[in-house]
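# Chain and residue survey
Here is how the chains run, residue by residue.
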Number of protein chains: 2
Amino acid sequence: MAKVNQNYLQLQGSYLFSEIAKRRTKFISENPQADIISLGIGDVTRPLPDAVIASLHAAVEDMTDTKTFKGYGPEQGYDFLLQQIVEHDYAARGINIQTDEVFVSDGSKCDVSNIQEIFSNDTIIAVTDPVYPVYVDSNVMAGRSGNYSKLTNRYENIVYLPCNSDNKFIPSLPDRKVDLIYLCYPNNPTGMTLSKDELKKWVDFAKANKCIILYDSAYEAYIQEDDVPRSIYEIEGAREVAIEFRSLSKTAGFTGVRCAYTVVPKEVKAYDEQGNEITLRDLWNRRQTTKFNGVSYITQKGAAAIYSDAGKEQISKLVQYYMNNAKIIREGISSLGFEVYGGVNAPYIWLKTPEGFGSWEFFDKLLQTANIVGTPGVGFGQSGEGYFRLTAFGSLENTERAIERIRNIKF
Amino acid sequence: MAKVNQNYLQLQGSYLFSEIAKRRTKFISENPQADIISLGIGDVTRPLPDAVIASLHAAVEDMTDTKTFKGYGPEQGYDFLLQQIVEHDYAARGINIQTDEVFVSDGSKCDVSNIQEIFSNDTIIAVTDPVYPVYVDSNVMAGRSGNYSKLTNRYENIVYLPCNSDNKFIPSLPDRKVDLIYLCYPNNPTGMTLSKDELKKWVDFAKANKCIILYDSAYEAYIQEDDVPRSIYEIEGAREVAIEFRSLSKTAGFTGVRCAYTVVPKEVKAYDEQGNEITLRDLWNRRQTTKFNGVSYITQKGAAAIYSDAGKEQISKLVQYYMNNAKIIREGISSLGFEVYGGVNAPYIWLKTPEGFGSWEFFDKLLQTANIVGTPGVGFGQSGEGYFRLTAFGSLENTERAIERIRNIKF
């Protein structure tokens, strides 16, 4: 008799976005004339850079001729792309990463949810709160979470590290034993960053406690300030304790094209039951070669084009377009007296809701009085209650209109 | 202290293809003039169909304009592709499959290795022997295999169903309790099929024993004979017990483009710890929406083109090209007195090695005397010892030359 993975039944419903959709739909049905502006979704809207388009077309043409046709490629990614990644994303910043430490994939969502497979079942994970839900859910599915409590909105075996205005969104080091620590900087959803000194504390903690840091830097391209690390490998010792996830989704508008990569330096080790050191790079390589068949050749060719001179200039303009929106939102909302975070090195603006408004009350107020859809902070975790996320991924015109509308709301 | 998934350490090395590469490299270094023909690899070599190429180019153009640009798509696949799949692959054969029972992915290797996640850890799996190694390895990684025995070349908790010339490559029903049964027809590596009557026995067995059949039909497009089921859903009752995996890799030359799909009918149920029925379609949907972000829009547009009139004709020609090679190999080898299987409804030819030759001895003989690389059957499991796989995915010219060379070998 086939039995299901009971851990799946511990998952909480995809409450956040379905509830947003429900309230939005209800509002539209009652107000069919409303001109809704969405600043809620974390998805890009601008076209792909020209250099990428040209490279995609050329790669499609390669598939028309037996001489240039490509079948199965290396599961880890083609060398032409690995070389570009290593050279431009790392060597150019003085970081030593080898091509055989880089694993190209079809998305960071896959990588950050699959990475837990190579660790033991009794691994204790730590996450910041609020947090990108995939880190938690992938561990719930694997049976590491323990029971969910409705009262606390938390799982009993997961270590939550609150981030709020009291600690300036800088999480404290864990006060109990943990094995895996998920960090995402620039942060989704808060848009906040860690300085090099702050990140150094985490690397030192991981080394001292033989933990592994899973470092999600999907928003790295949005960093504007000098003291903010682009890669965790800028921090001394990180090659021994950190796995880094990068994505082209937000960097180059690839959310619909699907390309990302994961870096596992050969020095990163964990332990088997006998206490022997095991090289995680080799386990991840085994995972990927067994369960994955590589990224589309066409996609990888498109990805490689972002490292050309033209490509670099074009993705820089793309990022600046969204960061201009971020500035408009941040300064606009700030001028209205809101406490505002993020939006400086990230496309996300995280605001404290006004006195008397929880995250969902603020959502309703914004929808009903300004016809704007944002994301309630509590949807990312209990510490997000009383906060609200706006994103910079809309058009310039809509972003400006949205701020004007918010200006006219009476709280 | 981070500990590894100990189950990974139970995995046997990717012995087969690395050993093939090693012997090939050694031979070439000693015989630099040798003109090697590979009939070993299960990868396509012909260009993509014109209809696919045109659709890929058009999809790339969609990404140049904000009006047609696509960001994140549905994790399950775009409706334009789901509709085509349901209509052409199922409804046209009188099979009722709904679009919300189809999940588009970036490859069957991912799907067949991820599907085990939705089942409990104590699930007993059954596989045919010889077998595609991914079914076994993904379960080893999940901790379901027990220990590996070098003596038997098998894992202790996996139920192996031998397929050899004695049983005409038709596996017997399991003689002990199993929960999940992996079947692949047309079969990789043997190229053999099950008739509708034979497959009906498996569906009935699964219903009677509350098992689930995981039916891999990656080679469905190569079926030539009428009595061979194209889909397990041609069999009465299969909607209650079977999950089907399909791929465009071999159907349309997509090994480098990456598109496949999995069908999970809503009637397929497994049980929770309390004995309640759980709908597997919903668990798989949860798995995919949590850990996967959908297939490239461009790829999906290319995939949809194979269902156009022109696309259908072009993929039919592609399949016939390879099947002509299969015929040349099958008839050529057969005329030399070999016992030959497969190659009628599949691009694989499975031959019995001559008296006194194990799989690897035959490999060496073929490499050294005819400069041909094939795949030793024992690499697919213990029951493959004494067999050898040749594939029809080469060029016509090389296929003909290979047969000529084999004709001249003296055994």
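Looking at an unreviewed UniProt entry, chain A carries the name LL-diaminopimelate aminotransferase, with the source organism given as Paenibacillus psychroresistens. Taken from UniProt, the Catalytic activity (unreviewed entry) comment for chain A reads in full: "(2S,6S)-2,6-diaminopimelate + 2-oxoglutarate = (S)-2,3,4,5-tetrahydrodipicolinate + L-glutamate + H2O + H(+)". The heading Cofactor (unreviewed entry) in the UniProt record of chain A holds the text "pyridoxal 5'-phosphate".

### Here's the deal with the pattern of salt bridges
A complete count under the given rule lists 60 salt bridges over all chains for this structure. The closest approach of N and O atoms between B:Asp364 and B:Arg23, which form a salt bridge, is 2.9 Å. With B:Asp364 in helix H11 (residues 359-370) and B:Arg23 in helix H1 (residues 15-30), this residue pair connects regions lying 341 residues apart in the sequence. A residue is classified by how much of its surface remains accessible, and B:Asp364, at 22% relative accessible area, is partly exposed. With its nearest N and O atoms 3.6 Å apart, the salt bridge here joins B:Glu313 to B:Lys317. Taken as a pair, B:Glu313 and B:Lys317 lie in helix H10 (residues 309-335) at a separation of four residues, close to a single helical turn. By sharing partners, the salt bridges in this structure join A:Asp100, A:Glu101, A:Arg239, A:Lys266 and A:Glu267 into a single network.

### What to know about the relation of the copies chain A and chain B
For the match of chain A to chain B, the screw axis carries a shift of 0.0 Å, the RMSD comes to 0.0 Å, and the turn is 180°. Taken together, the rotation angle and the small translation identify this as a two-fold axis. In terms of C-alpha distance to the rotation axis, chain A has A:His57 as its closest residue, with the C-alpha 3.1 Å off the axis. Comparing interface residues between copies, 100% of those in chain A also sit at the interface in chain B, which points to an isologous, same-surface contact.

### Comments concerning the packing of helix H10 (residues 309-335) of chain A against helix H12 (residues 396-407) of chain A
All names here are of chain A. Closest axis-to-axis distance for the H10/H12 pair is 10 Å, and the angle between their directions is 5°. Comparing the axis directions of H10 and H12 gives the class roughly parallel. Counting all contacts with H10, which are made through Tyr321, Asn324, Asn325, Ile328, Ile329, Gly332, Ile333 and Ser335, the residues of H12 involved are Leu396, Thr399, Glu400, Ile403, Ile406 and Arg407.

### Some details on the packing of aromatic side chains
Residue and element names in this part refer to chain B. The tally for this structure, following the rule as stated, stands at 48 aromatic pairs over all chains. In this structure, Lys301 is placed above the aromatic ring of Phe80, and the distance from its NZ or CZ to the ring centre is 4.4 Å. The ring of Tyr387 carries the charged tip of Lys352 above its face, separated from the ring centre by 4.9 Å.

What counts as what
- Residues numbered from 1 in each chain as written.
- Chains lettered and ligands numbered in written order.
- Predicted model: local features only at pLDDT ≥ 70, side-chain atom pairs only at ≥ 80, totals over all residues.
- Heavy atoms only, no water.
- UniProt positions renumbered as here; feature names shortened; annotations may be inferred.
- Salt bridge = Lys/Arg side-chain N within 4 Å of Asp/Glu carboxyl O.
- Helix = DSSP H or I, 4+ residues; strand = E, 2+ residues; numbered from the N terminus.
- Buried < 20%, exposed > 50% of the residue type's maximum accessible area, 1.4 Å probe, protein only.
- Least-squares fit on C-alpha atoms with pLDDT ≥ 70 in both.
- Contact = heavy atoms within 4.5 Å.
- Axes fitted to C-alpha atoms, helices over the stretch in contact; angles between N-to-C directions.
- Parallel < 35°, antiparallel > 145°, perpendicular 65-115°, else oblique.
- Phe/Tyr/Trp six-rings, centres within 6.5 Å; stacked < 30°, edge-to-face > 60°.
- Lys NZ or Arg CZ within 6 Å of the ring centre and 35° of its normal.

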